Every structure is written in structure tokens, then in C-alpha cells.
Amino acid sequence: MEPSSLSAQSNNWTVQAGEGGQRLDVFLASHLPSFSRNQVQNLIKEGHVTPLFAAKPLKASLPVTEGQAFRVVIPASKPSEIPAQSLPLDIVFEDDHLLVLNKPAGLVVHPGAGNPDSTLINALVAHCPEIAGVGGVQRPGLVHRLDKDTSGLLAVAKTDLAYRSLVKQIRYRQMSREYLGLVKGKVTEPGLIDAAIGRHVSARKKMAVQAEGGKSAKTHFVPLSANDEASLLHLKLETGRTHQIRVHLQFIHHPILGDVVYGSSHGGFGRQMLHAFRLSFQHPKTGKALSFFAPPPEDLTAAVQALGLAAPVWKDVVWKG
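Since we're looking at a predicted model, the values are computed, not measured.

Caption draft 1: A look at the packing of helix 1 (residues 24-31) against helix 2 (residues 37-45). The geometry of helix 1 relative to helix 2 is characterised by a closest axis approach of 9 Å and an angle of 115 degrees between their N-to-C directions. Seen along the crossing, helix 1 lies across helix 2 with a hand that is right-handed. Where helix 1 abuts helix 2, its residues Leu 24, Asp 25, Val 26, Leu 28 and Ala 29 lie against Arg 37, Val 40, Gln 41 and Ile 44. Across the contact of helix 1 with helix 2, the residue classes tally to six nonpolar, one polar and two charged.

Caption draft 2: Broad picture of the sheet that holds strand 2 (residues 49-51). With antiparallel pairing, the three strands of this open sheet are ordered in space as 1-3-2. Lying at the two open borders of the sheet, with one neighbouring strand each, are strand 1 (9-14) and strand 2. Geometrically, the sheet is characterised by an average inter-axis angle of 20 degrees between neighbouring strands, direction not taken into account.

Caption draft 3: The arrangement of the pairing of strand 14 (residues 289-293) in detail. Burial along strand 14 is one-sided: Leu 290 and Phe 292 are buried, and none of Ala 289, Ser 291 and Phe 293, which face the opposite way, are. Both strand 13 (residues 274-282) and strand 14 contribute to a ladder of five bridges, which runs antiparallel. Paired with Gln 282 across the bridge in strand 14 is Ala 289. Hairpin connection of strand 13 to strand 14: six residues between the antiparallel strands, including Gly 287 at a positive phi of 80 degrees.

Conventions and cut-offs
Residues numbered from 1 in each chain as written. Predicted model: local features only at pLDDT ≥ 70, side-chain atom pairs only at ≥ 80, totals over all residues. Heavy atoms only, no water. Axes fitted to C-alpha atoms, helices over the stretch in contact; angles between N-to-C directions. Helix = DSSP H or I, 4+ residues; strand = E, 2+ residues; numbered from the N terminus. Left-handed = near helix turned anticlockwise from the far one by under 90°. Contact = heavy atoms within 4.5 Å. Nonpolar A, V, L, I, M, F, W, Y, C, P; charged D, E, K, R; others polar. Pairing = 2+ DSSP bridges. Buried < 20%, exposed > 50% of the residue type's maximum accessible area, 1.4 Å probe, protein only.

Printed below as a string of C-alpha cells:
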């Protein structure tokens, strides 16, 4: 069962020995690996989970008991109403199951408030119309995303099989996502930023490190070049929270250069100097290991030179953390 089928699905699950005592949403999420816990909670709230025993209306927090059975109905996905728009795409790899894109800075990934069209999703719907029913109505095919002003590699699922596989690889940290980032100040030692992230308490469009209530977030970094003014970092995500790298680097007082939202408009850069340059995962159908590389765009390489930093041979940059 998956969240993006074009027809309704249903199944029954019985609480087995050793599964009793956990919350209902946790129990069901363990049997629905393609669903997030939040999606499972929404199924419960919307009445798509039925107890096969006498019970009051279900809550996600209900402790389940061995022998209890539940019927789950996944409603059919609504057809996507996102208009197809023919926009240029820098396709690094494509087959019948997925594609990998090199997204330019300035391109919004999916429609939203203030960006109703001319997004990457509009271009994808035009390029491969079959993607419209994969993974959800508003963000078809997307298994991860990049911010508007972050450039680089992005994987997109073209089938339900690929969507389920890639989502699972991200969830279990089997997809490797590496970035290049220019940051303010001198960084000379590698490190790990382990700090939970949640919605900012007052600026609701922003994220922030939170001591309580945030979701676990870990970012690894290795300096490639540094001087008193700036540093070039090789970054690797262990988790994938919204704005994670940008929030974490602000937290350690080395914000991404050009990031006006998270603390550094230094240098007059036209966007945040962050680029997703390596992406690795297993092919969802064949299981073959795939690895992709996209050199940084001209604005980032020019910034490295302008700041007096030593530019490495980009293809030779491999993770040493």
C-alpha cells in the first residue's frame, strides 16, 4: 500500500505478540513503510482506520493490545491539477523509473503561495505526464527538495515503485546527499552539528534550532579551504529537515554567504552560496548503486575566487568525514 495509488486500497492488520502497548499510529506506521507517521495520523483523523472490535472513536495515541485488528483504507489519489509548462530542464539521468536533475538557483521546486506556476513541478508534468499520480497531488514525484536559491542535484520518482523505494532510502539514511557551501568566517576543523530543528516560534516561514520539540537533525561538515573572511565547506546530510544546512550553520555562527534569511548577506551575493553536488542511492528497480555529480555553477566558483579561497578539483572532492 502506498500514498499515491490512483485507486483505493485496503488491508487488515492484527496486533501480534510483542507489538502490544505501542501507540496506534506507531503500530500502523510500522506496517505502512511508505507513509510518514503524520500521514498515518491523518488517516486516523479522517476515519480511514476502522477497529475490527467494539471501540470508541480512534485516536492516534490509543495503546494497542495483542489480538486487536484494524482495517485501513487508503483513498485514491486525486488527479493532479498542476498545469504542464514546458521549461528547460538540466537532466543528468533518466530512465523509466526516475530522473535526476541539476536544478539552477532561482527555480522554485513546487507551486505554493507566491509561486503558483513556472516551477520545477510544472516542467516535470510537461516532460513526463505520468508523474502526475506519483507521491501526492501537489508535489508529484518529489522525494526530497532543494530551496529556491540552492542549486544542484535532485532525484524525482516517475513510478510508485520508485517513489516508495527512494522515500524509504531517505528515511533509513541510505541516500547520500553532499553539498558545497561558502560560509562566513574561518572553519579549520571538521565537525558534526547535532541540533534539533523546528518551526521558528515567531517567524513562521523560518526554521530554528530548538532545545525542545524539534525534530532530530544532523549535519556533517569538512573544511576544504579557509581564510579569516570565509570558508568553503563540504557538507553531508544525515537527516533532511527543512532549511537544515542553513539553520545549522547559522547556529554555529558560520552562516551560508548570501543567505539573507539566516544571517549573512555578506559580499553582495545574489543568492545563498549552497550547491548539492553529489547524490548517491540504489536504483529502485535493479538495486544498482547510482552516484551523480554536478560541478558548482559559475556564481559559486567565482565567489570562491573572489574570496581568495583555494578551489579544489571538484570531481576529486570525496567525503572524508
